[in-house]
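# Results of the structural survey
Listed below, chain by chain, are the residues.
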Number of protein chains: 2
Amino acid sequence: MKDLRIGIDLGGTQVKLGIFQGEVLVDKWEISTRREDNGSHILGDITDSIENRLKAKNINKEKILGAGIGVPGPVDEKGVVHGCVNLGWGVFSIEEELSGLLAIPVKAGNDANVAALGELWQGGGRGYRDMVMITLGTGVGGGIILDGKIRAGVHGAAGEIGHMPVVYDETEVCNCGKKGCLEQVASATGIVRTATKLLKNSERASALRTIESFTAKDVFDEAKKGDAIASEAVEKLGEYLGIAAAHIACVIDPEIFVIGGGVSKAGEVLIHMVGKYYKEKAFKGSREAVFALATLGNDAGIYGAARLL
Amino acid sequence: MKDLRIGIDLGGTQVKLGIFQGEVLVDKWEISTRREDNGSHILGDITDSIENRLKAKNINKEKILGAGIGVPGPVDEKGVVHGCVNLGWGVFSIEEELSGLLAIPVKAGNDANVAALGELWQGGGRGYRDMVMITLGTGVGGGIILDGKIRAGVHGAAGEIGHMPVVYDETEVCNCGKKGCLEQVASATGIVRTATKLLKNSERASALRTIESFTAKDVFDEAKKGDAIASEAVEKLGEYLGIAAAHIACVIDPEIFVIGGGVSKAGEVLIHMVGKYYKEKAFKGSREAVFALATLGNDAGIYGAARLL
């Protein structure tokens, strides 16, 4: 019986791999991502690593239903990658190529969408079918799951929550080339930027002034202790995230928002803050949407990849 | 052979009805909506009218595949209406009840969503599968079609484009109870309100000062002639619509935005204005989305209703 699935989370520096038996992650390991030569070694490396692991574990390939892979770039519904700048990849069918190498069926998706699917399957969104995942890391990513399936978008750009134009008075330019993206205020770098600006424009005392190059975690920690500047930066993040979530609800009216990524380690204070502004800004029909923390951490990608099959 | 379908567009004052043979609207008529007694006569009236029409036209009921109905309120995916304030209706399965009366299969949806489906089938969105309909009338309505199907939302509130919180400095309250909704600046009443404010806060000459209680059409007409105040009001509508469309694209990344409703009679100038701001605010991946005018006018509802089957 084919009861095993392989989940692959391909990142810019590391590839995470996992073997699932039904819902259970029974093995997991990592390899480096070899980006040289336009990333032409990556799929071969993944194949070798899986073959070796199966041999070492004495697992017969006949027992494997297939492999899923999350890719750091747009992937269309036919499993074609449309360029991964980080990896040096152009346009090609990763499903065909990796399936040819591994000799098992392969399904692929964008990494943020795949992580969202993982959280829906066994994480913060478990038991729901219509979920929005918001990942607050160095940037802000997102994934939209409707009726249990990833919404990739016509140009692979659905769930690009981080580039919602929420800030009207922004003067600096986002990585994407626009001004005023959610990512500029709600990411780890965004909240540090906000706090830095607040410190510059005021004489108020703040514990942040005593920390050399403070982090997003420092801002949340000081806010929890009552620091006024840190609290203001957290409020601003919460307000813009709440506005963005209210916009999202007017479009697709989901059941649940799941918030993950490094910044989400701030915990319930973040959920509370976003939920407060959401209730204020959201249309009444959608006001009861749930806000929850992601629970799978860095494993969300391999869970979601395995779930693609 | 069952090759006929009935489309019903139930409004607060009139019910529009149509008979379709394949893609062709072969007959259409209207009756009044009797709202007395909590709207309890409405479905009976619709049934009688259809039965009489079929008799008069000598159409055998065996030829009818079924009827679709658009309802002015939230309808879930099981065909249950969740209250229509305008009609005095509570919660009940309109599909079951109307199907029992007509003795043919019935499918129901929210009227804005159903009109969107009509435009996708044979209107401005023909040939597309992922479409956002924005209806600019007295208020601002919307409908989301993903992969050819209506996205109703978990609470029936998907496509509530008019209540996206886009205006941050709004001081007046929207009909929905919030402040700063798209509807407050992008509807027929919204653009009149914007122009009225601009006239009040400035001494500038404007043809609008010579028109007693001017309309949205007057504002567009004067803007076309170069009136500065009218142009500013049109720009503001275009800017906020462009921002809203950019938000929508970050969420679902559609192929096309179709703009309908009374205000859309302004024509290509409106499409141009919204498209200009959209290109500026949208994430690069979605920037090529198409903007088009709706083409079915008041018939969109019966087209979409027939298409529900």
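In the block above lies the structure referred to throughout.
The paragraphs below set out a description of the structure included in this document.

Procedures and definitions
- Residues numbered from 1 in each chain as written.
- Chains lettered and ligands numbered in written order.
- Predicted model: local features only at pLDDT ≥ 70, side-chain atom pairs only at ≥ 80, totals over all residues.
- Heavy atoms only, no water.
- Contact = heavy atoms within 4.5 Å.
- Buried area = accessible area lost by both parts, 1.4 Å probe.
- Salt bridge = Lys/Arg side-chain N within 4 Å of Asp/Glu carboxyl O.
- Polar contact = N/O pair within 3.5 Å; in protein donor to acceptor, adjacent residues only side chain to side chain.
- Helix = DSSP H or I, 4+ residues; strand = E, 2+ residues; numbered from the N terminus.
- Buried < 20%, exposed > 50% of the residue type's maximum accessible area, 1.4 Å probe, protein only.
- Axes fitted to C-alpha atoms, helices over the stretch in contact; angles between N-to-C directions.
- Parallel < 35°, antiparallel > 145°, perpendicular 65-115°, else oblique.
- Left-handed = near helix turned anticlockwise from the far one by under 90°.
- Nonpolar A, V, L, I, M, F, W, Y, C, P; charged D, E, K, R; others polar.
- Pairing = 2+ DSSP bridges.

Before going further, it helps to examine the interface of chain A and chain B. Counting residues at the interface gives 42 residues for chain A, matched by 42 residues for chain B. Together, the buried faces of chain A and chain B total about 3,400 Å²; carbon and sulfur atoms form 62% of this surface. Inspection of the chain A/chain B interface yields two salt bridges. One can count 25 residue pairs in polar contact (both at pLDDT 80 or more) joining chain A with chain B.

What follows concerns the pattern of salt bridges. All names here are of chain B. Taken as a whole and judged by the stated rule, the model has 32 salt bridges over all chains. One salt bridge connects D221 with K217, and the closest N-O pair in it is separated by 2.8 Å. Remark: K217 and D221 occur in helix 7 (residues 216-224); sequence separation between them is four residues, near one turn of the helix. Looking at D221, the relative accessible area reads 25%, which means it is partly exposed. Taking relative accessible area as the criterion, K217 reaches 57% and is therefore assigned exposed.

Let us look at the packing of helix 8 (residues 228-252) of chain A against helix 9 (residues 268-281) of chain A. Residues and elements named next belong to chain A. Packing of helix 8 against helix 9 leaves a shortest axis separation of 7 Å and a crossing angle of 50°. The orientation of helix 8 relative to helix 9 falls into the category oblique. As helix 8 runs across helix 9, the sense of the crossing is right-handed. Contacts between helix 8 and helix 9 involve V234, E235, L237, G238, E239, L241, G242, I243, A245, A246 and A249 from the former and L270, M273, V274, K276, Y277, Y278 and K281 from the latter. Taken together, the residues of the contact of helix 8 with helix 9 sort by class into twelve nonpolar, two polar and four charged.

Let's shift gears to the side chain of S187 of chain A. Residue and element names in this part refer to chain A. As for its position among the elements, S187 is in the loop between helix 5 (183-186) and helix 6 (188-200). For S187, the side chain forms a polar contact with the main-chain oxygen of E183, separated by 2.7 Å. Discounting chain neighbours no more than four positions away, the residues touching S187 are G137, T138, G139, V140 and V263.

Residues and elements named next belong to chain A. Ordered in space as 10-9-8-11-12, the five strands form an open sheet in which the pairing is mixed. Either end of the sheet is taken by a strand with one partner, and the two such strands are strand 10 (149-150) and strand 12 (290-293). Judged from the five bridges that link them, strand 8 (residues 131-136) and strand 11 (residues 256-260) form a sheet pairing that is parallel. Bridged to T135 within strand 11 is G260. Along the sheet, helix 8 contacts strand 8, strand 9 (140-146), strand 11 and strand 12; its crossing angle with strand 8, the most-contacted strand, is approximately 155°. Helix-sheet contacts for helix 9 involve strand 8, strand 11 and strand 12, and the interaxial angle to strand 12 is about 160°.

Such coordinate-based values are descriptive only and should not be taken to indicate function.
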